[in-house]
Amino acid sequence: MMSFLSSQRISVGVCSLVLLSACGGGGSNTPNSTSTTSDTGTASSTVSTGASSSRSAANSSSAANSSVSVDNNMGTASSVSNTANFSINELVDPNPSALVEYGHEVAVLANGNIVVAKPDDDANGLKRAGSVHLYDASTQNIIATINGDDDYDFLGSNGIYALPNGNFIIASVSDNTPSDSSVGSVKLINGVTGIQISVFEGVKTSDQMGDAGIVVFENNNFAIVSRSFNPAGVSGAGSVILVNGDSGLQVGSTISGESVEAFSQIDVLSLGNGKFVVVSPMSDAVGLEDAGAIRLFDETTGDQVGSTLMGNAANYQLGSESTRVLSHGHFVVHSRSADHPSSIRLINGENNTQIGDALIEPSLSVLSRNVITPLNNGHYVLLTPLDNTNTNIEDSGSIKLINGTTNQVIGDAMTGGQPKDFFGNGGIAALATNNYVVVSSGADAGGIENVGALQLVNGATGERIGMPVLGDDKDDFERVTLTTLANGNFVLTASRDDVEGIENAGSITLFDGTTGAVIGQPTTGKNTNAQLGNRGVIALSNNNVAVVSSLEVFGNEAVGSVRLLDGATGLWVGAPTVGKTVEDFASTSITELSGNRLMIAASSYDVAGTVDAGAFITLQTNTSHTIGDPIVGSERDEFRQSTVNEAADGRFYVLTSPNAKNHGIDSAGKILVVTP
């Protein structure tokens, strides 16, 4: 058994997060935590817990660094000013109206056409009937319009789903018929012509077809998941219908709930092996109410694969907490109910049979659903922060590495060493190296409560790698963020880190995901309350990292910055992009584009005296150079809730600003097609 932090606390010199290798001590370290917020869609993730730690300054971002400021004094501030480097065209709303927010739902199809849903549109004089427009991106002309045909249909209110073949789906759970309300509908539309291929509708009031979502498969088929609608005649039982994404025809038989509310809680997941699983914890077995059920189906034929797995007792609620798919196609099911302790079952993704014995974890009964973390090597990590079965220490917590082909524990459990360490309560992050990082914000050390700790662990053996990274003061790990990179490295961001007497300066440290060693030196903020990385740290596909800091000071003002960090060396890439007025980057999102570019959407950016007019700024991800001029707003909050969607071939991207004033109408919304 491994007891974590049971020995004396490690501290070196003035280092406060105790990064041994960075501070000249022996050994190496690691960090990480859990909460996914990556905007890039790359093979990376971001995990956050929190941190007001303190660490020695190593590489502070100095005022002497050169920077690139975005000029917001751009003559007449208009949404299409300073755009000589881009071709910018608007997708014109044919029926602009106040507070309708055109662009709230936008999809770029595989063929390059653009779909815009406007659920609140008073289409054809019908109140909130809703409309969906298909645009040609090259000409910005409308190819086709699909309108709701009754008041309050809210067409497209539940999403636009793009299929790999270029067709798209319109989901509208509030769609009405002349005689019944909210029957719901799912329409398949040709992505070239805009012609409806097929429609699936509920049959009576409140069927709300598709209210549990649409699941799109790689073969262009898709599943319509409904909690209530059931065409087999069992009212309120729910259903799953598989549909061919080319023909629009149903594939196979309807998967039906067997009793009322059988599908009131339901998960439908693709396993990546051509099969999908339907988990329904409230399904009844013979004589066993709410036993729960797991069914496996073929994504091409809709045929059931193997037998149905059922819970073995009333109110067992099989699969009630979570289902996690492993890299080889097996899946892990976590179940819990008031009458039964938590259990973890491994299910074969080829035949729906249970593998090995279930792991019974009574201490999970009061915890959240996020206790299973799949690793790239097919194993998974089981987190039990309230566990004391191995140590008899109250709420010391434990983490077990589980074999993803046998469901057996690998090695010894890692445990906390003090009461209420809640080991692992800050989360677990899987790395590309197959190792993983554990964050324990409640760990005690050196007689100080809740200093927190991070530990790198071998994903094949469950053994610790290197020395832990420890906090120096209480609640040091209350707010930390870990960002994992595709190259296996990871970045620890402690935006509240106190550095050599500078309160809340913030720090960023790059770690080797194989050894746990610090790469380079920690980078720290230069001013009080700089909170380096406080608005996001996002991994990019080239293994660099975008760091957004809203309070970093330049020119004696906390104008904020966006920086790029090299994910191989830990050094800054080029000069920072800085704001011009206080907290210009307070509300900012980052979207990675193709061709080594990223888009900064800063809705809080001030432009030519207009507060929070917003700006879209394009950077090169390998140099930090700005590309072209910013696209800026002219009205306050014009770019609030804005999004960026790029075409699959990278030839254009779509900027949507549903809150923008347009055509002289407040919150009419605006959509721009930008061609670099």
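Scroll up to find the structure this text is about.
Criteria and thresholds
- Residue numbering note: each chain is counted from 1, following its sequence as written.
- With the structure being a predicted model, the display of local features is reserved for residues of pLDDT at least 70 and the display and counting of side-chain atom pairs for 80 or more, all residues being used for whole-chain, interface and lining totals.
- The basis for the side-chain values is all heavy atoms of the structure; hydrogens and waters are excluded.
- Think of it this way: any DSSP run of H or I at least four residues long counts as a helix, any run of E at least two long counts as a strand, and we number them from the N terminus.
- Summary of the burial criterion: residues with accessible area below 20% of their type's maximum are buried, those above 50% are exposed, and those between are partly exposed, where the area comes from a 1.4 Å probe applied to protein chains only.
- Contacts between residues were defined by any pair of non-hydrogen atoms, one from each residue, lying within 4.5 Å.
- All accessible-area figures derive from a Shrake-Rupley calculation using a 1.4 Å probe, and residue coverage is judged against the displayed protein chains alone.
- Whenever a nitrogen or oxygen atom comes within 3.5 Å of another N or O atom, the pair is scored as a polar contact, on the condition that within protein one atom can donate a hydrogen and the other can accept it, and that pairs from neighbouring residues in sequence are kept only if both atoms are in side chains.
- Only buried residues count toward a nonpolar core. Its members are Ala, Val, Leu, Ile, Met, Phe, Trp, Tyr and Cys residues joined through side-chain atoms within 4.5 Å.
- Salt bridge criterion: a side-chain nitrogen from Lys or Arg within 4 Å of a carboxyl oxygen from Asp or Glu.
- Strands were regarded as paired on the criterion that DSSP finds at least two bridges between them.
- Any two rings among Phe, Tyr and Trp, with Trp reduced to its six-membered ring, count as a pair given centres within 6.5 Å; such a pair is stacked if its planes are under 30 degrees apart, edge-to-face if over 60, and tilted if neither.
- For helices, the fitted axis covers only the stretch in contact; all axes are lines through C-alpha atoms, and the angles between them, taken along N-to-C directions, range from 0 to 180 degrees.

Engineer: Where do I start with the overall build of the protein chain in this structure?
Structural biologist: Looking only at helices and strands, one finds zero helices and 48 strands in the protein chain. Counting over 676 residues, the protein chain shows a buried share of 57%. For the protein chain, long-range pairs separated by at least 24 residues make up 52% of all intrachain contacts whose partners lie at least 6 apart in sequence. Accessible surface computed for the protein chain: about 23,800 Å², of which carbon and sulfur atoms make up 45%.

Engineer: Looking at this model, I keep getting lost on the environment of T433. Mind explaining?
Structural biologist: Structurally, T433 can be placed in the loop between strand 30 (427–430) and strand 31 (436–440). Placed 80 residues apart in sequence, T433 and G513 show a C-alpha to C-alpha distance of 6.4 Å. Apart from the residues lying within four places of it in its own chain, the contact partners of T433 are G488, G513 and T514. A polar contact is formed between the side chain of T433 and the backbone oxygen of G513, at a distance of 3.1 Å.

Engineer: Help me out: how do you make sense of the nonpolar core in this one?
Structural biologist: Among soluble globular proteins, nonpolar side chains are generally buried collectively. In this structure, V562, F585, I590, L598, I600, Y605 and I617 are the most contacted members of the largest nonpolar core, which totals 19 residues. Residues V439, L454, V469 and L492 belong to the second largest nonpolar core, which totals 16 residues.

Engineer: So what exactly am I meant to see when it comes to the pattern of salt bridges here?
Structural biologist: Any two side chains of opposite charge can pair if their charged atoms end up close together. One pass over the structure, following the stated rule, counts 14 salt bridges. Notably, a salt bridge pairs R563 with E552, separated by 2.8 Å at the nearest N-O pair. Taken together, the residues R563 in strand 40 (residues 561–565) and E552 in the loop between strand 39 (545–549) and strand 40 connect sequence positions eleven residues apart. Looking at E552, the relative accessible area reads 0%, which means it is buried. A salt bridge links E638 to K670, with the shortest nitrogen-to-oxygen separation between them at 3.3 Å. Of the two residues, E638 is situated in the loop between strand 45 (631–632) and strand 46 (643–646) and K670 in strand 48 (residues 670–675); the sequence distance between them amounts to 32 residues.

Engineer: How should I be thinking about unusual backbone geometry in this particular structure?
Structural biologist: Of all residues except glycine, most have a negative phi; of all peptide bonds, most are trans. Positioned with a positive phi, N124 is a non-glycine residue whose angle comes to about 50 degrees. Secondary-structure assignment places N124 in the loop between strand 7 (114–118) and strand 8 (131–135). With a relative accessible area of 64%, N124 lands in the exposed category. Its identity as a non-glycine residue notwithstanding, S206 has a phi of 70 degrees, on the positive side. For S206, the position within the fold is in the loop between strand 13 (196–201) and strand 14 (213–216). Looking at S206, the relative accessible area reads 42%, which means it is partly exposed.

Engineer: Can you walk me through the pairing of strand 33 (residues 464–470) in this structure?
Structural biologist: On a regular strand, each side chain points to the face opposite its neighbour's, so the side chains alternate between the two faces of the sheet. As defined by bridge partners, strand 32 (residues 453–457) adjoins strand 33 across four bridges and the pair is classed as antiparallel. By the bridge assignment, L454 is partnered in strand 33 with V469. The loop that links strand 32 with its antiparallel partner strand 33 comprises six residues; one of these, G462, has a positive phi angle of about 80 degrees.

Engineer: It is not clear to me how the packing of aromatic side chains should be interpreted in this structure. Could you clarify?
Structural biologist: Both the distance between ring centres and the angle between the ring planes are used here to describe each pair of aromatic rings. Summed over all chains, the structure comprises six aromatic pairs. On the basis of an interplanar angle of 25 degrees and a centroid distance of 5.5 Å, the ring pair of F276 and F297 is categorised as stacked. A residue pair is termed long-range when its members are at least 10 positions apart, and F276 in strand 19 (residues 275–280) and F297 in strand 20 (residues 293–298) qualify at 21 residues. Ring plane angle 10 degrees and centroid distance 5.3 Å describe the contact between F490 and F511, whose orientation is recorded as stacked. Placement of the pair is F490 in strand 35 (residues 490–494) and F511 in strand 36 (residues 507–511), with a sequence separation of 21 residues.

Engineer: I tried to follow the side chain of S335 on my own but got confused; where do I start?
Structural biologist: With respect to the helices, strands and loops of the structure, S335 is situated in strand 23 (residues 331–337). Residues within four places of S335 in sequence aside, it is in contact with Y316, Q317, L318, G319, S320, E321, P341, S342 and S343.

Engineer: What is the right way to look at the environment of G427 in this model?
Structural biologist: By secondary structure assignment, the location of G427 is in strand 30. For G427, a relative accessible area of 7% corresponds to the buried category. Between the C-alpha atoms of G427 and S441, which are 14 residues apart in sequence, the distance is 8.9 Å.

Engineer: I'm lost on the pairing of strand 19 in this one. Help?
Structural biologist: Of all six residues making up strand 19, six are buried, and the element is well covered by its neighbours. Going residue by residue along strand 19, you find K275, V277 and V279 tucked away on one face and F276, V278 and S280 tucked away on the opposite face as well. Both strand 18 (residues 267–270) and strand 19 contribute to a ladder of four bridges, which runs antiparallel. By the bridge assignment for strand 19, S270 is matched with F276. Linking two consecutive strands that pair antiparallel, namely strand 18 and strand 19, is a turn of four residues; a positive phi of about 80 degrees is found at G272 within it. Summarising the sheet, strand 19 and strand 20 pair through six bridges and their orientation is antiparallel. Looking at the pairing, V279 lines up with I294 of strand 20.

Engineer: I would appreciate a short explanation of the sheet that holds strand 8 in the present structure.
Structural biologist: For sheets, the rule is that strands pair by backbone hydrogen bonds, running either parallel or antiparallel. Judged by pairing direction, the sheet is antiparallel, and its four strands sit side by side in the order 6-7-8-9 without closing on themselves. At either end of the open sheet lies a strand with only one pairing partner, and these are strand 6 (105–108) and strand 9 (142–147). Here the average twist between neighbouring strands, direction ignored, is 15 degrees. Where strand 8 and strand 9 come together, five bridges link them in antiparallel fashion. Counted as the bridge partner of V132 is I146 from strand 9.

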